[in-house]
Amino acid sequence: MAKKINQISILLFIFSLALLVTQTCSSHHKRRKHTLNQIVKVAPYIIDYGNGTIIRDPIATPSYSPPPNNPQVQSRDITVVSNPGYQLRARIIIPTRHDPARKIPVLLYFHGGAFCIGSAFGWGDTTYLARVSAEANVVGISLDYRLYPEHPVPAPYDDAWAALNWIAAHKSSSGPNLDPWLAQYGDLNRVFVGGDSSGGNIAHNLVIRATPGPVSITGLFLAMPYFLGSKRVPFEPATIIYSPNYRIWPYVCNKCEDGVDNKYINPFTPKAVPLGRLGCKKLLVYTAEIDELRGRGRWYYQQVKASGWKGQAQWIEAQGQEHIFHISKPQDPATTKLINDFSAFINN
Ligand SMILES: *[C@@H]1O[C@H](CO)[C@@H](O)[C@H](O)[C@H]1NC(C)=O
């Protein structure tokens, strides 16, 4: 009797399993979009169709702006490195009025956009870097590094490294693919590295990697840098876990271990190179008061100070300002102040 019941229940089980499979298959077509292939939007960065296709959010497609319309500078678009399959491009900007007999500092700069959007040739970035070049009297190089989804992290870091090596190649006066402006005006004893948001993250990772590097780096400038971590730090909102900046990281670094505690995005993990080994002499961290990334920017500055690092560290917060205000609001007095502060950091 018990055996019979057992057989019946096994049959029933197989039957219901079969029923389930048939139902799933028949409704498969209709439900496709909602269950199996649910669309995930991480605006304004990407759209994940859930079927293996991930595209850059069309509202954020990189726009090309011509070189800056600023009489105080000259600018050209150049190829930094020509690799099989892709050209690493940059916009180089020099001040119009400077003494040609004297060399000026070099600034390698990285735009923001969570590793997947933005461009070195964007209008806001171009307008800003032209002003920095004129104000701080530097050779500005805005690097158009590769982006996700075509090129996940660490491609941008490799491009940054390639660009630094290309700058270092200008130590000798002749060689393939040297830039005449950089060769003539660039002082390779005063190389600065900086960036906005994810560009700040790239700048940090470059300086960490450049210990030693092909050229010594004088200063690191981080504007509202993009760092994350699973443990909250002071001034970091708990709601950050719902934000696009938080949700985009596993996409752009799709082969990385440890999620938001990966050493690239969380410089405070035991796996990261200790901040005390930062390969430069000066640091300026710039945060904005109304920015979810503010807490971790401050924390970065404090941790560098606490690490026993031998350099000079500085931190400035723009009151009442939002993330990347200096790109989105070029006319704002806060932007002028940021550029002045940045210039003082380079020249003092
Ligand atoms: C995924 O879905 C999108 C939108 O329907 C479509 O454009 C794309 O071709 C699909 N990709 C694959 C691999 O089926």
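Now for a quick tour of the structure. (Residues numbered from 1 in each chain as written. Predicted model: local features only at pLDDT ≥ 70, side-chain atom pairs only at ≥ 80, totals over all residues. Heavy atoms only, no water.)

**Remarks on the overall build of the chain**
Point 1. Helix and strand counts for the chain stand at nine helices and eleven strands.
Point 2. The buried share among the 348 residues of the chain stands at 51%.
Point 3. Excluding contacts between residues fewer than 6 apart, the proportion of contacts in the chain whose partners are at least 24 apart in sequence is 72%. (Helix = DSSP H or I, 4+ residues; strand = E, 2+ residues; numbered from the N terminus. Buried < 20%, exposed > 50% of the residue type's maximum accessible area, 1.4 Å probe, protein only. Contact = heavy atoms within 4.5 Å.)

**So, the packing of helix α2 (residues 123-136) against helix α9 (residues 333-347)**
Point 1. It is at 9 Å that the axes of α2 and α9 come closest, and there the two elements cross at 45 degrees. In this view, α2 runs oblique relative to α9, as classed from their interaxial angle. In the packing of α2 onto α9, the handedness of the crossing is right-handed. In this structure, α2 contributes Tyr-128, Arg-131, Val-132, Glu-135 and Ala-136 to the contact, and α9 contributes Thr-335, Thr-336, Leu-338, Ile-339, Asn-340, Phe-342, Ser-343, Ile-346 and Asn-347.
Point 2. Partitioned by chemical class, the residues of the contact of α2 with α9 number seven nonpolar, five polar and two charged. (Axes fitted to C-alpha atoms, helices over the stretch in contact; angles between N-to-C directions. Parallel < 35°, antiparallel > 145°, perpendicular 65-115°, else oblique. Left-handed = near helix turned anticlockwise from the far one by under 90°. Nonpolar A, V, L, I, M, F, W, Y, C, P; charged D, E, K, R; others polar.)

**Regarding the site of the ligand**
Point 1. The full set of residues close to the ligand is Tyr-49, Asn-51 and Thr-53.
Point 2. The side chain of Asn-51 places a nitrogen or oxygen atom 2.4 Å from an oxygen atom of the ligand.
Point 3. One nitrogen or oxygen atom from the side chain of Thr-53 is found 2.7 Å from a nitrogen atom belonging to the ligand.
Point 4. Alone, the ligand offers 360 Å² of accessible surface; in the complex the protein occludes 39% of this. (Near = heavy atom within 4 Å. Polar contact = N/O pair within 3.5 Å; in protein donor to acceptor, adjacent residues only side chain to side chain. Areas by Shrake-Rupley, 256 points an atom, 1.4 Å probe, with all protein chains shown as cover.)

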